[in-house]
Every structure is written in C-alpha cells, then in structure tokens.
Amino acid sequence: MLKFDAYSYLSQHGIKPSVQRQAIITYLYEHRTHPNVDDIFTALQPVIRTLSRTTIYNTLHLFHDHGAILALTINGETVHFDFNTQSHTHFYCLKCNKVFDVPEMECPTPTLPKKYDFEVTEYHFYLKGYCKQCKAENEKQL
Ligand SMILES: [Zn+2]
Ligand SMILES: [Zn+2]
C-alpha cells in the first residue's frame, strides 16, 4: 500500500497542512470506519498530547468545508466522518451505532422537480437497521 501523503492531500484541498491536521486526515485515511470526534480524540490524544476535542471538531469541519472528507449526520446526534468523498451508500446500525459502507449498492440519484430550480451539491442515502452481529444478539434475547 502506498503511504498516504497527508501534506499533499491537504494542500490540494486548500488547507494549510499543520502537523495536527496531517495526523487527523491520516487517521481518517487509515480508519474507514466512519469515526466520530470522540473516536479520533481517544486514538490520537495519547500520541499528540496537546490535541483537544475542540481542535479535532474544528479541524474536521474545516476538512468538510474544503471537500476533503464527508460528514454524515445520520442519527441527529453524532457526526461520523468519512475519508471517502464519493457518493456511496451507508448502513447505520441502531444498536451499536456503527456506520458501514455498502459499496455494492448504488446510491439512487434523486431527481428534483424542475420547478424548484435548485442546484443540488450533495445528497445522502442511508439505510438503518441492525448489523449482522446485533441482529444475532437481538435474536438470542427473544
Ligand atoms: Zn450493530
Ligand atoms: Zn462511507
């Protein structure tokens, strides 16, 4: 696997590549599990002691504003971040709150009635339910 060039990636997206920003984008590149702010904080704080939750939060929103990452707000509480900015289908588990990629399933392209004359810049398609593991646990409890 080619080593990820965080410096270039951030520069290409018009973001000043500070050391902390490089660490955060590299984490997202390496962890395609749709981590939230807490996940990233827990993983990186022991390595970068000066890193705060606020910095991570602000950095992720900066990345998102520059189109460097996707931000997924599925349950209205936690925002999950995704390095993959291509439109792709997600499955959200209501029990373990994990977000899975479902690359085999194409995102249906929504068609907005002409009369609105709005320009669509992004759309999200989610499936919700129970993942394989949680489904098995639910069945055991019956
Ligand atoms: Zn689950
Ligand atoms: Zn994804």
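Residues numbered from 1 in each chain as written. Chains lettered and ligands numbered in written order. Predicted model: local features only at pLDDT ≥ 70, side-chain atom pairs only at ≥ 80, totals over all residues.

## Brief notes about the domain arrangement of the chain
For step 1, the next point in the chain: Each assigned domain of the chain is listed with its residue range as follows: domain 1 (1–85) and domain 2 (86–142).
For step 2, the next point in the chain: Taking only C-alpha atoms into account, the centre of domain 1 sits 21 Å from that of domain 2.
For step 3, the next point in the chain: Each side of the interface is counted separately: domain 1 has eight residues, and domain 2 has eight residues.
For step 4, the next point in the chain: For the side of domain 1 that touches domain 2, the per-class residue count stands at two nonpolar, six polar and no charged. (Domains from an automatic or database assignment. Contact = placed C-beta atoms within 7 Å. Nonpolar A, V, L, I, M, F, W, Y, C, P; charged D, E, K, R; others polar.)

## Looking at the packing of helix α3 (residues 37–44) against helix α4 (residues 53–65)
For step 1, the next point in the chain: Between α3 and α4, whose axes approach to 10 Å, the crossing angle comes to 125°. With respect to α4, the axis of α3 lies oblique. In this structure, α3 crosses over α4, and the sense of that crossing is right-handed. For the pair α3 and α4, the contacting residues are V37, I40 and F41 in the first and R53, I56, Y57 and L60 in the second. (Axes fitted to C-alpha atoms, helices over the stretch in contact; angles between N-to-C directions. Helix = DSSP H or I, 4+ residues; strand = E, 2+ residues; numbered from the N terminus. Parallel < 35°, antiparallel > 145°, perpendicular 65-115°, else oblique. Left-handed = near helix turned anticlockwise from the far one by under 90°.)

## Things to note about the pairing of strand β1 (residues 70–73)
Consecutive residues of a regular strand have side chains that alternate between opposite faces of the sheet.
For step 1, the next point in the chain: Inspection of the sheet shows β1 paired to strand β2 (residues 79–82) by four bridges, in the antiparallel sense. Looking at β2, one finds that L70 is bridged to D82.
For step 2, the next point in the chain: Between β1 and β2, which pair antiparallel in sequence order, lie five residues; one of them, G76, sits at a positive phi of approximately 80°. (Pairing = 2+ DSSP bridges.)

## So, the environment of S8
For step 1, the next point in the chain: On the secondary structure map, S8 appears in helix α1 (residues 6–12).
For step 2, the next point in the chain: On the basis of neighbour counts, which here come to 10 C-beta atoms within 10 Å, the residue S8 falls in the exposed class.
For step 3, the next point in the chain: Between the C-alpha atoms of S8 and N97, which are 89 residues apart in sequence, the distance is 33 Å. (Buried ≥ 20, exposed ≤ 12 C-beta atoms within 10 Å, placed from the backbone.)

## A short note on the environment of T42
For step 1, the next point in the chain: Tracing the backbone shows T42 in helix α3.
For step 2, the next point in the chain: A count of 10 C-beta atoms within 10 Å places T42 in the exposed class.
For step 3, the next point in the chain: In the structure, T42 is positioned 11 residues away from R53 in sequence and 9.3 Å away in space, judged by C-alpha atoms.

## Side note on α4
Structural remark: α-helix, 3.6 residues per turn; residues separated by three or four positions point the same way.
For step 1, the next point in the chain: Compared with an ideal rise of 1.5 Å per residue, which puts 13 residues at 18 Å, α4 spans 18 Å between its outermost C-alpha atoms and is within 8% of the ideal.
For step 2, the next point in the chain: All of the buried residues in α4 are I56, T59, L60 and F63. For α4, the arc enclosing every buried residue in end-on projection is 100°, short of the 170-degree limit, so these residues lie on one face. Set apart from the buried face of α4 by more than 90 degrees, the exposed residues are T54 and N58.
For step 3, the next point in the chain: Of the residues flanking the end of α4, it is G67, one or two places downstream, whose phi is positive at about 70°. (Expected span 1.5 Å × (residues − 1). Arc of directions from axis to C-beta.)

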